[in-house]
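Each chain, letter by letter, is given below.
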Amino acid sequence: TGLAVGMGVGQVLLVLLAASTVMPVKDPLLNICMDAKHHKTKPGPEGMLHDQCAPWKDNACCTANTSSEAHKDQSNLYNFNWNHCGLMPPKCKRHFIQDTCLYECSPNLGPWIDQVDSSWRRERILHVPLCKEDCEEWWEDCKDFVTCKENWHKGWNWATGTNRCPWGSMCRPFSHVFPRPKDLCEKIWSNSYKYTTEHRGSGRCIQMWFDPAQGNPNVVVAKYYAWKKRSSPAWMKNATPEADKAVCALPWPALVLLPLALVVVPGGAGGCGSHGCGSL
C-alpha cells in the first residue's frame, strides 16, 4: 500500500509538473505600448480619458493629458496645426482625432510596430490594416477639405514653430490630393496604415471607431496578426533562440516538483501498459 500511495502522490506531482510547464509566456506582440514620444511604458486603466479617446480607458497606452491634447486645434503633442489650409470641418477633424487616439492609446498595435531612428521616437507603426469602413468614412468626411501636402509626416515649413505649407505648394481639395480612400489612409502618415477590403467585426482589420460597451474589437485582430507574424519564416528565423528560451525555461514549481516526482514514481513517469499494471 505504501508503494501505491507513493504512486498516487507521484502522479499528482506529475500533473502539477505538467501544469507548471505550460504556464503562458507573455507574447511580445500583444498588449504593449510602442516606444514613442507620449506613450506609457505599459498599458493600464485610465479612468479620465477625454472624449474620443475614452474607448481605451480600460486599458490604454496614453495618459489623460495626452487624450485631452489630442482634441486641440493647436495641440502640444507635436505642435501640429490641422488648419494649415483653412479651418478643418468638424466632421473631418473627428477622424484625425480618432486617428491620434488610436495611435497614442491603443495597446493592440504590437504586430505592426517598427523600429525607427528618430529624434522623438524609437518605434512607429507600419501597415496597420484599417477596416474598409473606417478608411472610406475618413475620406468621405474630409474630401472637401483642402490641404497642400500628400504626406503629413514630413516636408513642412516649421520656421514659425508649427507646421505651415512649404514654399511653392498650393492648397487643393483632399479629393485631388487623395483621389481614393486608399491614397488617404496609406500616404498621409507614410504607410502607417494599409487600406483593406476587410469589414468591421471580421477580426481581420483594425477599427479606429468602436463602442467600448461592446468591448475592444482590436484585441482579437492583434492576436490573429501576431499569430500570423510568428508563423512567418522571417519571424521564425529571427525569434527562434528567444522562443526556445521561453519554452525551455521551466518555472520554479517545475524545478521543485521534478525530482520529487521521479523519486516517488518507480521507473520515472513510465505508467501502465495496455494490459494493466501487473502484480504489485
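- Per an unreviewed UniProt entry, the protein goes by the name FOLR1 protein and belongs to Anhinga rufa.
- Taken verbatim from the UniProt record of the protein, the Sequence similarities (unreviewed entry) comment is "Belongs to the folate receptor family."

1. Re the overall build of the protein
Next, step 1: Scanning the protein for helices and strands turns up nine helices and six strands.
Next, step 2: Per-residue burial for the protein yields a buried fraction of 42% across its 280 residues.
Next, step 3: Restricting the contact set of the protein to residue pairs at least 6 apart, pairs at least 24 apart contribute 65%.
Next, step 4: For the protein, the accessible surface area stands at approximately 15500 Å², while carbon and sulfur atoms represent 60% of it.

2. Considerations on helix 7 (residues 218-230)
Next, step 1: Taking 1.5 Å per residue as the helical rise, helix 7 with its 13 residues ought to reach 18 Å, and the 18 Å between its terminal C-alpha atoms agrees with that figure.
Next, step 2: Along helix 7, the positions that sit buried rather than exposed are Asn218, Val221, Ala222, Tyr225 and Ala226. Take helix 7 and look down its axis: the buried residues cluster within an arc of 130 degrees, on one side only.
Next, step 3: On its buried face, helix 7 sits against helix 3 (90-105) and strand 3 (128-130).

3. Comments concerning the state of the cysteines
Next, step 1: If you walk through the whole model with that rule in mind, you get eight disulfides.
Next, step 2: Here cysteine 85 pairs with cysteine 171 through a disulfide, and the sulfurs are 2.0 Å apart. With the S-S dihedral at roughly -80 degrees, the linkage between cysteine 85 and cysteine 171 falls on the left-handed side. Of the two residues, cysteine 85 sits in the loop between helix 2 (64-69) and helix 3 while cysteine 171 sits in the loop between strand 4 (146-147) and strand 5 (172-173), which places them 86 residues apart along the sequence.
Next, step 3: With a relative accessible area of 11%, cysteine 85 lands in the buried category.
Next, step 4: Assessed through its relative accessible area of 43%, cysteine 171 is described here as partly exposed.

What counts and how
- Residues numbered from 1 in each chain as written.
- Predicted model: local features only at pLDDT ≥ 70, side-chain atom pairs only at ≥ 80, totals over all residues.
- Heavy atoms only, no water.
- UniProt positions renumbered as here; feature names shortened; annotations may be inferred.
- Helix = DSSP H or I, 4+ residues; strand = E, 2+ residues; numbered from the N terminus.
- Buried < 20%, exposed > 50% of the residue type's maximum accessible area, 1.4 Å probe, protein only.
- Contact = heavy atoms within 4.5 Å.
- Areas by Shrake-Rupley, 256 points an atom, 1.4 Å probe, with all protein chains shown as cover.
- Expected span 1.5 Å × (residues − 1).
- Arc of directions from axis to C-beta.
- Disulfide = S-S within 2.5 Å.

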